[in-house]
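Architecture at a glance
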Amino acid sequence: MIAPSKSDPILPLEKMKINQVADVVEVIGATAEIQRLSEMGLHSGTRIRMLKSGTPCLLALDGKRLSIRLSQDVDVYVLANN
């Protein structure tokens, strides 16, 4: 897990703004969902950029684009980079 400073806001993925860059801090939820997201590259420590918010959202990570629709069984928390 990435250690945030007091001035860095940790927020849910859904609260990211378009073109905002963040590091994934934690993925919480059903084991199967966490595993599926991890296999697609979305796991703790991954740097992401929000390309399109909403459902589904479009993320840029590791040189690729990932479109995901988060279920109620999983929460992704990120550390926003200002």
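Here is a short report on the structure shown in this document. Source: prediction; values computed, not measured. (Residues numbered from 1 in each chain as written. Predicted model: local features only at pLDDT ≥ 70, side-chain atom pairs only at ≥ 80, totals over all residues. Heavy atoms only, no water.)

1. Notes on the nonpolar core
Leu13, Leu42, Ile48, Leu59 and Val78 are the most contacted members of the largest nonpolar core, which has 19 residues in total. Elements supplying a minimum of two residues to this core: β2 (21–29), β3 (47–52), β4 (57–61), β5 (64–68) and β6 (74–81). Beyond its immediate stretch of four places on either side in the chain, Ile48 contacts Leu13, Met16, Gln20, Val21, Ala22, Val24, Leu42, Leu59, Ala60, Leu61 and Val78. (Core = buried A, V, L, I, M, F, W, Y, C linked by side-chain atoms within 4.5 Å. Buried < 20%, exposed > 50% of the residue type's maximum accessible area, 1.4 Å probe, protein only. Helix = DSSP H or I, 4+ residues; strand = E, 2+ residues; numbered from the N terminus. Contact = heavy atoms within 4.5 Å.)

2. Section: the side chain of Thr46
One can find Thr46 in the loop between α1 (31–39) and β3. A polar atom in the side chain of Thr46 sits 3.0 Å from the backbone oxygen of Gly41. From its side chain, Thr46 meets the backbone oxygen of His43 in a polar contact 2.9 Å long. Not counting residues within four places of it along the chain, the set of residues in contact with Thr46 comprises Ala22, Asp23, Val24, Gly41, Leu61 and Asp62. (Polar contact = N/O pair within 3.5 Å; in protein donor to acceptor, adjacent residues only side chain to side chain.)

3. Observations concerning the environment of Val21
Of note, Val21 is situated in strand β2. Considering only alpha carbons, one finds Val21 and Val78, 57 residues apart in sequence, at a separation of 9.3 Å. For Val21, the contacting residues outside a window of four places in its chain are Met16, Arg47, Ile48, Arg49, Ala80 and Asn81.

4. Remarks on the pattern of salt bridges
Taken as a whole, this structure holds two salt bridges when the rule is applied. Between Arg47 and Asp23 there is a salt bridge whose closest N-O contact spans 2.8 Å. Here Asp23 lies in strand β2 and Arg47 lies in strand β3, a separation of 24 residues in the sequence. Residue Asp23 is classed as buried on the basis of its relative accessible area of 10%. (Salt bridge = Lys/Arg side-chain N within 4 Å of Asp/Glu carboxyl O.)

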